[in-house]
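# Residue-level structural notes
Listed below, chain by chain, are the residues.
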Amino acid sequence: MSAQLSQQKFVSTPQTEICPACGASSKQASPAWRFANARGETEWLRCNCCRSYFMDGSYSLESEVSHTIQMTWGDAEQGAQLNMFKQRMYKSILAQILKHTEPQGKSLLDVGCAYGGFMQAAASAGFDVNGFDIVPQAIDFVKSHGMTAECCGTMCDFTGAHKKYDVITVLDANIYWPDQATELANIYNRLADGGLLIMRVVDKSWLATVGAGLQKLSPERGRKVLRRAVNDHRFSMPIGSLLELLKKTRFNVVSASPKGALHSDDTSLMVKLSFGIGIALWQTMGVFLAPGAVVIAEKRS
Ligand SMILES: [Zn+2]
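Residues numbered from 1 in each chain as written. Predicted model: local features only at pLDDT ≥ 70, side-chain atom pairs only at ≥ 80, totals over all residues. Heavy atoms only, no water.

Turning our eyes to something else, we now look at a nonpolar patch on the surface. Taken together, the side chains of Met 285, Val 287 and Leu 289 define a hydrophobic patch exposed on the protein surface, amounting to about 250 Å² of accessible area. Among the residues examined, Val 287 registers a relative accessible area of 33% and is labelled partly exposed. (Patch = residues over 30% accessible without salt bridge, like charges linked within 9 Å, V, L, I, M, F, W, Y side chains within 5 Å. Areas by Shrake-Rupley, 256 points an atom, 1.4 Å probe, with all protein chains shown as cover. Salt bridge = Lys/Arg side-chain N within 4 Å of Asp/Glu carboxyl O. Buried < 20%, exposed > 50% of the residue type's maximum accessible area, 1.4 Å probe, protein only.)

Written out as structure tokens, the structure reads:
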């Protein structure tokens, strides 16, 4: 009874005003589940516009920083180790960028650069690199390795060395944004004409749907699947909806595929298998059931 009452209260007064994935009003969202993960006990909604699941929580940059520094990718020592772990993904992203542009004389901005692993790879290839992240320790680390970076939370707050960038990368970072639609519009404005946006995105919304269904039959098992599906992210967006949003933001979507999104040769066998099956299904049937994808979009000249 009390859970029912609390859910009714929550539906009429969601804490967040918009779906962080697409920007639609959260009044149009439906309750999805409630569970505890790395962020504590949270309510989740499903957006009726973009079919994303999202956490119903207000956003504060300060609390987001406090949360992130407790996670592997926010911690100084482990964050630097992750740079080594993700080399396979960095090389693959770089190879895809190099198919579209020559690095000499080109500027590249890494949004949510963390400890600068990808910046290092892009700088070695010849790009003039910049980055920004919300974690001050990460920015200090990047600077101590001779690269330029700023500590800030949004594209709007980033001042940067260049007015416009030839390439902007967002690798595993969009899922922490409180307002993706605005952020993508600001990225679009900061790209040079003909510039490229490359995103490494997580899409386990299909697994979240499985977890939400399972929770009704076996609450604990359902919650386990949900924790695996959303980790500590703020939203879980189907790849098709992200591509729609990019088109709405005036981007030309060049490609989207789970190919090249695998983080490491040392990734667990289960995740490797999931990518293998996901790539095969995407290429043969256009069905997305992989854990992540690489999306390349272009700002038309
Ligand atoms: Zn939405």
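The structure having been displayed, the exposition proceeds.
All told, the structure shown has 10 salt bridges when counted by the stated rule. The partner of Glu 41 in a salt bridge is Arg 34, with the nearest N and O atoms 3.5 Å apart. Since its relative accessible area comes to 52%, Glu 41 is described here as exposed. Each of Arg 34, Glu 41 and Glu 43 takes part in a single network of salt bridges with overlapping partners.

Here 7 strands make up an open sheet; going across it, the order is E6-E5-E4-E7-E8-E11-E10 and the pairing mixed. Two strands in the sheet have a free side with no partner beyond their single neighbour: strand E6 (148–151) and strand E10 (252–257). The average angle at which neighbouring strand axes cross in this sheet is 15 degrees, direction not considered. Both strand E5 (residues 128–133) and E6 contribute to a ladder of 4 bridges, which runs parallel. (Pairing = 2+ DSSP bridges. Helix = DSSP H or I, 4+ residues; strand = E, 2+ residues; numbered from the N terminus. Axes fitted to C-alpha atoms, helices over the stretch in contact; angles between N-to-C directions.)

Here Gln 215 shows up in helix H8 (residues 205–217). Gln 215 has contacts with Trp 33, Arg 34, Gly 222, Arg 223 and Leu 226, leaving out every residue within four places of it along the chain. (Contact = heavy atoms within 4.5 Å.)

Moving on, we come to the nonpolar core. In this structure, Phe 118, Leu 197, Met 199, Leu 246 and Val 295 are the most contacted members of the largest nonpolar core, which totals 71 residues. In terms of residue count, strand E8 (residues 191–202) provides more of this core than any other element does, 7 residues in total. Apart from residues no more than four positions distant in its own chain, Leu 197 is found in contact with Ile 168, Val 170, Leu 184, Ile 187, Leu 191, Leu 246, Phe 251, Val 295, Ile 296 and Ala 297. Of all hydrophobic cores here, the second largest spans 12 residues; its members include Phe 35, Ala 212, Val 225 and Ala 229. (Core = buried A, V, L, I, M, F, W, Y, C linked by side-chain atoms within 4.5 Å.)

So, about the pairing of E5. Residues in a regular strand point their side chains to alternate faces of the sheet. Counting buried positions along E5 yields 5 of 6 residues, so the element is predominantly enclosed. Pairing analysis gives 5 bridges linking strand E4 (residues 107–111) to E5, with the strands arranged parallel. Across the sheet, Asp 110 pairs through a bridge with Gly 131, a residue of E5. Viewed along the sheet, the connection from E4 through helix H5 (residues 117–125) into E5 turns out right-handed. Regarding topology, helix H6 (residues 136–144) serves as the crossover connection from E5 to the parallel E6, and that connection is right-handed. (Right-handed = clockwise from strand over helix to strand, strands pointing away.)

At a minimum axis distance of 6 Å, the contact between H8 and helix H9 (residues 219–230) shows a crossing angle of 165 degrees. Our classification of the angle between H8 and H9 gives roughly antiparallel. Of the two elements, H8 crosses H9, and the hand of that crossing is left-handed. Here H8 contributes Leu 207, Ala 208, Gly 211, Ala 212, Leu 214, Gln 215 and Leu 217 to the contact with H9, which in turn contributes Pro 219, Arg 221, Gly 222, Arg 223, Val 225, Leu 226, Arg 228 and Ala 229. Grouping the constituent residues of the contact of H8 with H9 by class yields 9 nonpolar, 3 polar and 3 charged. (Parallel < 35°, antiparallel > 145°, perpendicular 65-115°, else oblique. Left-handed = near helix turned anticlockwise from the far one by under 90°. Nonpolar A, V, L, I, M, F, W, Y, C, P; charged D, E, K, R; others polar.)

Interpretation in functional terms is not warranted from these geometric data alone.
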